[in-house]
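# Report on the structure
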Amino acid sequence: QVQLVESGGGLVQAGGSLRLSCAASGRTFSSNAMGWFRQAPGKEREFVAAIRWRISSTVYANSVKGRFTISIDNAKNTVYLQMNTLKPEDTAVYYCAATLRNALILTTTTIYDYWGQGTQVTVSS
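Here is a short report on the structure shown in this document. Just so it is clear, the structure is predicted and the values come from calculations on it, not from any experiment. Within any chain, residue numbers begin from 1 and follow the written order of that chain's sequence. Owing to the predicted nature of the model, reporting of local features is limited to residues with pLDDT of at least 70; listing and counting of side-chain atom pairs is limited to 80 or more, with chain, interface and lining totals taken over all residues. Processing note: side-chain calculations cover all non-hydrogen atoms of the structure and skip hydrogens and water entirely.

## Brief notes about the pairing of strand S11 (residues 119–124)
Spelled out, the test is: Buried residues are those whose accessible area, probed at 1.4 Å on protein chains only, stays under 20% of the maximum for their type, while exposed residues exceed 50% and partly exposed ones sit between those limits. Every helix listed is a DSSP run of H or I at least four residues long, and every strand listed is a run of E at least two residues long, numbered separately from the N terminus. In short, DSSP must find at least two bridges between two strands for them to pair.
Covered by surrounding structure in S11 are Thr119, Val121 and Val123 only, the residues Gln120, Thr122 and Ser124 on the alternate face being uncovered. Relative to S11, strand S2 (residues 10–13) is paired through four bridges, and the arrangement is parallel. Within S11, the position partnered with Leu11 by the bridge is Thr122. Bridge analysis of strand S9 (residues 92–99) against S11 gives three bridges, and the strand direction is antiparallel. The residue of S11 that forms the bridge with Tyr94 is Thr119.

## Focus on the sheet that holds strand S7 (residues 68–73)
The line we're drawing: A fitted line through C-alpha atoms represents every axis, and for helices the fit uses only the stretch in contact; the resulting angles, taken between N-to-C directions, go from 0 to 180 degrees.
Here we have four strands laid out as an open sheet, ordered S1-S3-S8-S7, and antiparallel in their pairing. Edge positions in the sheet fall to strand S1 (2–7) and S7, since each has one partner strand and no second. The mean inter-strand angle of the sheet, taken between neighbouring strand axes irrespective of direction, is 15°. Of the pairings in the sheet, the one linking S1 to strand S3 (residues 18–26) comprises six bridges and is antiparallel in character. In the strand pairing of S3, Glu6 is matched with Cys22.

Set out below in structure tokens:
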């Protein structure tokens, strides 16, 4: 089992920044990669960014590329999502997720085995 706890959400004005954290506990050594997803009201959960634990390779959704940065602190078993130049359309509940699989593609929800409870990010215009 892997437990994930997100933090760092809140209300920010457009153009501002937030940093989300996802603390992992439990059998974290068995996790291959971590991802961030978001879900706005009435919309499907969508991929934001992902990172592989051991080699720190990253992948981003086109909508956040150049604005968001995913990073990992192996000593703290924590994954971060630095979000800059936020836009109102970034408003959503943000979830972190962990996969045990050595998946080639990290952008789909179906390959993730564990999910956090989510943290709300609201960007005002």
